[in-house]
Number of protein chains: 2
Amino acid sequence: MSKNYVIAIDLMGGDTAPLQTIKGVQIAQSRHPYVQFKLFGNKDIITRNLPDIDLSEYDFVHTDKVIRNEDKPSMAIRKSANTSMRLAIEEVAAGRAHAAVSAGNTGALMALSLLILRSIEGIKRPAICTMVPTRKGFCALLDMGATLNSDPSNFLEMAVMGNAFYESITGKRNNRIAILNIGMEDVKGHETLREASDLIKNSKINENFIGYVEPDNIFHGAADIVVTDGFTGNIFIKTCEALGKWLKEMLVSSFTSSLLSKLGALFASRSLKATMKILDPRGYNGAMFVGLNGVSVKSHGSTDAMGFSRALDVAILLVQSDINNKIQKKITELL
Amino acid sequence: MSKNYVIAIDLMGGDTAPLQTIKGVQIAQSRHPYVQFKLFGNKDIITRNLPDIDLSEYDFVHTDKVIRNEDKPSMAIRKSANTSMRLAIEEVAAGRAHAAVSAGNTGALMALSLLILRSIEGIKRPAICTMVPTRKGFCALLDMGATLNSDPSNFLEMAVMGNAFYESITGKRNNRIAILNIGMEDVKGHETLREASDLIKNSKINENFIGYVEPDNIFHGAADIVVTDGFTGNIFIKTCEALGKWLKEMLVSSFTSSLLSKLGALFASRSLKATMKILDPRGYNGAMFVGLNGVSVKSHGSTDAMGFSRALDVAILLVQSDINNKIQKKITELL
């Protein structure tokens, strides 16, 4: 059986590695038998965590070097030689893998991906892009934290990259692009947003631009692509995750507090499951660094095996949809 | 029966005025028999909406002028003479009322409050402060949108005002102050936040300062006062409201989708109610402009009577706790 794609995986990054990352690979492998997973990690730590594992069954490369969560990106890069994260990214740069996935240090993964894969010609600032669930499906949100102080030209770049990203993975054209703001009126927000809005209105992508959206509009599915600076995007997504986590806790405790409430949960279980699914961040795990010459996907650092397998799904989907060639083509057309 | 406090109310501001504002006054009056509500509004519109009302039973002042939601603050101020919003604020400035409450145009209410009440000596930028529910109770969050680009000195002012606000309404001392950021490590966030953090660390309020918090820490109750720039604060609170609204919809639809699920909801009703209450934004309605010589409270523009009555509760609580004298005292001590 020949494998059609190769995904390079940093097994050692994240709070739950390597136990959950390995198990995530096993889950993803069963879903994607034709994809080859190439694993980078520390043999000794892995066999200590999983005594029953036979690493010879995997395409596995041993390294005892790892980038830690606490390392500053600048320091992490200096000490990055032969780390599991760097080896995975280098595999993509060398053309031996189609995508790299890591649950490790976000800043380091971003910096190393940029250093090794380089940005696409014409892109000044790659951005972190993720999917946000809405009442109508999902939207693509960027930037999630690559550039904290985005300038108007970064917003235009993000609009173009987000458009290509959304089109690649959904196949839909005529997507609606919006800027996240604190109101929908033209006068709202600060100067950078108004300049960004003017810049997009006067660009080749202006027909897709629908103006500003507020958080409520996002969840109503008013836009397909939402662009924002990296600080605001990171606060937005972390607020969603944190509130979702709390509400999930409350619901679970509501339905386990008494025998009657347990019975209640049983009676309402099918419809309740849909709500719980929306509240499960594992379903949206896997953010992509868009704008690089190669696919680099970040998994949440504290996710479990199911969540990590979702990040692998995202990487495979992005490779299958030939995302980077499409972004490159859009950039040439539109910028 | 002599009334101990007077609250001046703009009956005409907001999407649900005057029907819900009047009804909100009626609800609040039954809770606070010793408080006098002085109402400003358009007699004709009110009697058209509520044919049975007898305005002679109220302390009511007629005006046919109103500030609309669409008016820009600068324009609203120019045309503000004798509007219900302005009259309510002027009542506070003249010493005839202890607080003003409006569900109208936020920008106009902010600008008019600042123009008429003036900021407290020593305060450069009044801020909008609101209560955010947490697993342990609530925290005070500011700024919610008065100053979009806050500088480090604004952060210090907010820390002092938030501290006084929290102490006034809870009676608790030794409150924990934090800055909202995208990570807890010292290196996280942009330059303004690091400078703000250094400034607070070197101020007289440094013992209360616990550093940075992320959204998840807020909901865990890690801080009593959380300071952020007005843009981020507004996005944070709107994200909470929007996601809460959606989840509430999903839950209601989960529990009304079938006979079995309705039965389930009945069985789990007590514990479910606690979750629904957390999701009900009316419970937290009423944001204060802190840093002014007078209490000015903003109600959500689209709330109902119950929500508006909560904003009146907040105004009364702030007056009872002598909030502005306490802020003034703290400012003198700490800045």
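Residues numbered from 1 in each chain as written. Chains lettered and ligands numbered in written order. Predicted model: local features only at pLDDT ≥ 70, side-chain atom pairs only at ≥ 80, totals over all residues. Heavy atoms only, no water.

### Examining the overall build of chain A
Okay, step 1: A tally of helices and strands in chain A yields 13 helices and 11 strands.
Okay, step 2: Scaling as 2.2 N^0.38, a compact globule of 335 residues should have a C-alpha radius of gyration of about 20 Å, and chain A matches this with 20 Å.
Okay, step 3: Each principal axis of the C-alpha distribution contributes one length, and for chain A these read about 60 × 60 × 40 Å.
Okay, step 4: Considering chain A as a whole, with its 335 residues, one finds that 57% of them fall into the buried category.
Okay, step 5: Excluding contacts between residues fewer than 6 apart, the proportion of contacts in chain A whose partners are at least 24 apart in sequence is 71%.
Okay, step 6: Only carbon and sulfur atoms are counted for the fraction: they give 51% of the accessible area of chain A, which is about 14,000 Å².
Okay, step 7: In chain A, 38 side chains carry a positive charge and 34 a negative one; their mean positions are 3 Å apart. (Helix = DSSP H or I, 4+ residues; strand = E, 2+ residues; numbered from the N terminus. Rg over C-alpha atoms; globule rule 2.2 N^0.38 Å. Buried < 20%, exposed > 50% of the residue type's maximum accessible area, 1.4 Å probe, protein only. Contact = heavy atoms within 4.5 Å. Areas by Shrake-Rupley, 256 points an atom, 1.4 Å probe, with all protein chains shown as cover. Lys, Arg positive; Asp, Glu negative; His and termini not counted. Charge placed at Lys NZ, Arg CZ, Asp CG, Glu CD.)

### Focus: the relation of the copies chain A and chain B
Okay, step 1: Least-squares fitting of chain A to chain B yields an RMSD of 0.0 Å, with the superposition described by an axial translation of 0.0 Å and a rotation of 180 degrees. Both copies are brought into coincidence by an operation consistent with a two-fold rotation axis. Across chain A, the rotation axis passes nearest the C-alpha of Gly264(A), at a separation of 1.6 Å.
Okay, step 2: Of the interface residues in chain A, 100% have counterparts in chain B that sit at the interface too, so the contact is made through matching surfaces. (Least-squares fit on C-alpha atoms with pLDDT ≥ 70 in both.)

### Quick word on the packing of aromatic side chains
Okay, step 1: Scanning the model with the defined rule gives 6 aromatic pairs over all chains in all.
Okay, step 2: Consider the rings of Phe219(A) and Phe236(A), whose centres lie 5.9 Å apart with planes at 20 degrees: the pair is stacked. With Phe219(A) in helix H8 (residues 215–219) and Phe236(A) in helix H9 (residues 230–254), this pair connects stretches of sequence that are 17 residues apart. Each of the two residues, Phe219(A) as well as Phe236(A), counts as buried.
Okay, step 3: Cluster of aromatic residues (ring-pair linked, three or more members): Phe219(A), Phe236(A) and Trp246(B). (Phe/Tyr/Trp six-rings, centres within 6.5 Å; stacked < 30°, edge-to-face > 60°.)

### Here we look at the environment of Val213(B)
All names here are of chain B.
Okay, step 1: By secondary structure assignment, the location of valine 213 is in strand E8 (residues 209–213).
Okay, step 2: Residue classification places valine 213 among the buried positions, given a relative accessible area of 2%.
Okay, step 3: Distance in space between the C-alpha atoms of valine 213 and asparagine 181 is 5.8 Å, their sequence separation being 32 residues.
Okay, step 4: Those residues in contact with valine 213 that lie beyond four places of it in its chain are Ala178, Ile179, Leu180, Asn181, Ile218, Ala222, Ala223 and Val226.

### Brief notes about the packing of helix H6 (residues 152–170) of chain B against helix H7 (residues 191–201) of chain B
All names here are of chain B.
Okay, step 1: Relative to each other, H6 and H7 sit at 50 degrees, their axes nearing to 8 Å. Regarding the angle of H6 to H7, the classification is oblique. For the crossing formed where H6 meets H7, the hand is right-handed. In this structure, H6 contributes Pro152, Ser153, Phe155, Leu156 and Ala159 to the contact, and H7 contributes Thr192, Leu193, Glu195, Ala196, Leu199 and Ile200. (Axes fitted to C-alpha atoms, helices over the stretch in contact; angles between N-to-C directions. Parallel < 35°, antiparallel > 145°, perpendicular 65-115°, else oblique. Left-handed = near helix turned anticlockwise from the far one by under 90°.)

### Regarding the interface of chain A and chain B
Okay, step 1: Every contact between the two is made by 49 residues of chain A and, on the other side, 49 residues of chain B.
Okay, step 2: When the two sides are added together, the surface that chain A and chain B hide from each other amounts to roughly 4,600 Å², 76% of it contributed by carbon and sulfur.
Okay, step 3: Seen at the junction of chain A and chain B, the total is 6 salt bridges.
Okay, step 4: A salt bridge links Asp216(B) to Lys245(A), with the shortest nitrogen-to-oxygen separation between them at 2.9 Å.
Okay, step 5: Taken together, the links from chain A to chain B amount to 8 residue pairs in polar contact (both at pLDDT 80 or more).
Okay, step 6: Breaking the side of chain A that touches chain B down by element, the ones donating at least two residues are strand E5 (127–134), H8, H9, helix H10 (259–267) and helix H11 (269–278) of chain A.
Okay, step 7: Examining the composition of the side of chain A that touches chain B, we find that 18 residues originate from one element, H9(A), more than from any other.
Okay, step 8: Of the residues contributing to the side of chain A that touches chain B, the split by class is 26 nonpolar, 16 polar and 7 charged. (Buried area = accessible area lost by both parts, 1.4 Å probe. Salt bridge = Lys/Arg side-chain N within 4 Å of Asp/Glu carboxyl O. Polar contact = N/O pair within 3.5 Å; in protein donor to acceptor, adjacent residues only side chain to side chain. Nonpolar A, V, L, I, M, F, W, Y, C, P; charged D, E, K, R; others polar.)

### A few points about a negative patch on the surface
Okay, step 1: On the surface, a cluster of negative charge is made up of Glu185(A), Asp186(A), Glu195(A) and Asp198(A).
Okay, step 2: With respect to the element layout, Asp186(A) can be found in the loop between strand E7 (177–180) and helix H7 (191–201). (Patch = residues over 30% accessible without salt bridge, like charges linked within 9 Å, V, L, I, M, F, W, Y side chains within 5 Å.)

### A closer look at the pattern of salt bridges
Okay, step 1: All told, the structure shown has 36 salt bridges over all chains when counted by the stated rule.
Okay, step 2: One salt bridge connects Arg194(A) with Glu191(A), and the closest N-O pair in it is separated by 3.0 Å. With Arg194(A) and Glu191(A) both in helix H7 and 3 residues apart, the pair spans about one turn of that helix.
Okay, step 3: We classify Glu191(A) as partly exposed; its relative accessible area is 42%.
Okay, step 4: A salt bridge links Glu167(B) to Arg173(B); the nearest nitrogen and oxygen atoms lie 3.0 Å apart.
Okay, step 5: Residue class for Arg173(B) comes out exposed when judged on its relative accessible area of 60%.
Okay, step 6: Salt bridges here are not isolated pairs; linked through shared partners, they connect Arg31(A), Arg310(A) and Asp313(A).

Geometric values such as these leave the question of function open.
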